[in-house]
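Understanding the architecture of this molecule
For reference, the chains in residue letters:
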Amino acid sequence: MKALIYFYTALFALALPLSALAQNSQAPVEVEADRLDLDQRAGTAVYSGNVNIRQGEMQLRGDRVEIERNDAGELSRATSTGERAYLRHQPAGQDSPTEGWARRIIYHVAERRVELIDQAELTQQEDKFSGGRLEYFIDREVIQARSDVDGREPQRIRMTLQPEQ
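Below or above, wherever it landed, is the structure these notes cover.

Criteria and thresholds
Residues numbered from 1 in each chain as written. Predicted model: local features only at pLDDT ≥ 70, side-chain atom pairs only at ≥ 80, totals over all residues. Heavy atoms only, no water. Helix = DSSP H or I, 4+ residues; strand = E, 2+ residues; numbered from the N terminus. Buried < 20%, exposed > 50% of the residue type's maximum accessible area, 1.4 Å probe, protein only. Contact = heavy atoms within 4.5 Å. Areas by Shrake-Rupley, 256 points an atom, 1.4 Å probe, with all protein chains shown as cover. Phe/Tyr/Trp six-rings, centres within 6.5 Å; stacked < 30°, edge-to-face > 60°. Patch = residues over 30% accessible without salt bridge, like charges linked within 9 Å, V, L, I, M, F, W, Y side chains within 5 Å. Salt bridge = Lys/Arg side-chain N within 4 Å of Asp/Glu carboxyl O. Core = buried A, V, L, I, M, F, W, Y, C linked by side-chain atoms within 4.5 Å.

Observations regarding the overall build of the chain
Summing up its helical and strand segments, the chain has 1 helix and 10 strands in all. Tracing the chain from N to C terminus, the helices and strands come up as α-β-β-β-β-β-β-β-β-β-β. Expressed as a percentage of its 165 residues, the buried residues of the chain come to 43%. Pairs at least 24 residues apart make up 37% of the contacts formed inside the chain by residues separated by at least 6 positions. About 9,500 Å² of surface is accessible on the chain, with carbon and sulfur atoms providing 45% of the total.

Next comes the structure, spelled out in structure tokens:
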């Protein structure tokens, strides 16, 4: 019974950061993983083993996903890691989703900011961005790109921007 309570607590811990991205925040959160480690005192839930998290039009995948809460108990950050961690977000009013890939993806809940780090790629509509580090500010629809990655060779920034129709 206690394990079941921890499982539902971990699912609830996911609901807030994912609902901030989802069009329909009332949609159920679906989590698939091989393992869950929940630390109530530290305020973390760590999913590992082919993790796939979905809610509405938002999806986060990776080999490992860690959810963190701040001192007030609010969800503060979701970090997905893996060879090709993946984020998908369908903004309201857009025909195609914004998709991102990197070795590490960090979603900062309060700032509504996504960091894609190491072999980062982001596709928004038909525009494509890649580099060592990309930051996507969701509400402002701003993208910042850098070639530097901690402890690695710089990865050149590349962009393909489609002309407006």
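Following the structure, the description resumes.
A closer look at the packing of aromatic side chains
Here the structure, examined in full by the defined rule, presents 1 aromatic pair. The interplanar angle of 45° and the centroid separation of 5.5 Å between the aromatic rings of Y86 and W101 together place this pair among those described as tilted. Here W101 lies in strand β6 (residues 98-108) and Y86 lies in strand β5 (residues 75-89), a separation of 15 residues in the sequence. On the basis of relative accessibility, which here comes to 5%, the residue Y86 falls in the buried class. The class of W101 is partly exposed, set by a relative accessible area of 21%.

Considering a nonpolar patch on the surface
Taken together, the side chains of I157, M159 and L161 make up a nonpolar region of the molecular surface, amounting to roughly 290 Å² of accessible area. Along the chain, the position of L161 falls in the segment after β10 (158-160).

Thoughts on the nonpolar core
Residues I67, I105, V114 and L116 are the most contacted members of the largest nonpolar core, which totals 24 residues. For this core, the secondary-structure elements that each account for two or more residues are β3 (44-55), β4 (58-69), β5, β6, β7 (113-124) and β8 (127-137). When residues no more than four places from it in sequence are discounted, the contact partners of L116 are G100, W101, A102, R104, I105, E121, L122, G132, R133 and L134.

A short note on unusual backbone geometry
At N50, a residue that is not glycine, the phi angle is positive and equals roughly 50°. Considering the arrangement of structural elements, one finds N50 in strand β3. The exposure class of N50 is exposed, given its relative accessible area of 63%. At E141, a residue that is not glycine, the phi angle is positive and equals roughly 55°. Relative to the assigned elements, E141 resides in the loop between β8 and β9 (142-146).

A look at the pattern of salt bridges
In total, this model carries 14 salt bridges according to the counting rule given. We note a salt bridge from R103 to D118, for which the minimum N-O separation is 3.7 Å. A residue pair is termed long-range when its members are at least 10 positions apart, and R103 in strand β6 and D118 in strand β7 qualify at 15 residues. Among the residues examined, D118 registers a relative accessible area of 6% and is labelled buried. Residue R113 pairs with E111 through a salt bridge whose shortest N-O separation is 2.6 Å. Of the residues examined, E111 reaches a relative accessible area of 48% and is grouped as partly exposed. Each of E111, R113, E115, R133 and E135 takes part in a single network of salt bridges with overlapping partners.

Keep in mind these numbers describe shape, not what the thing actually does.
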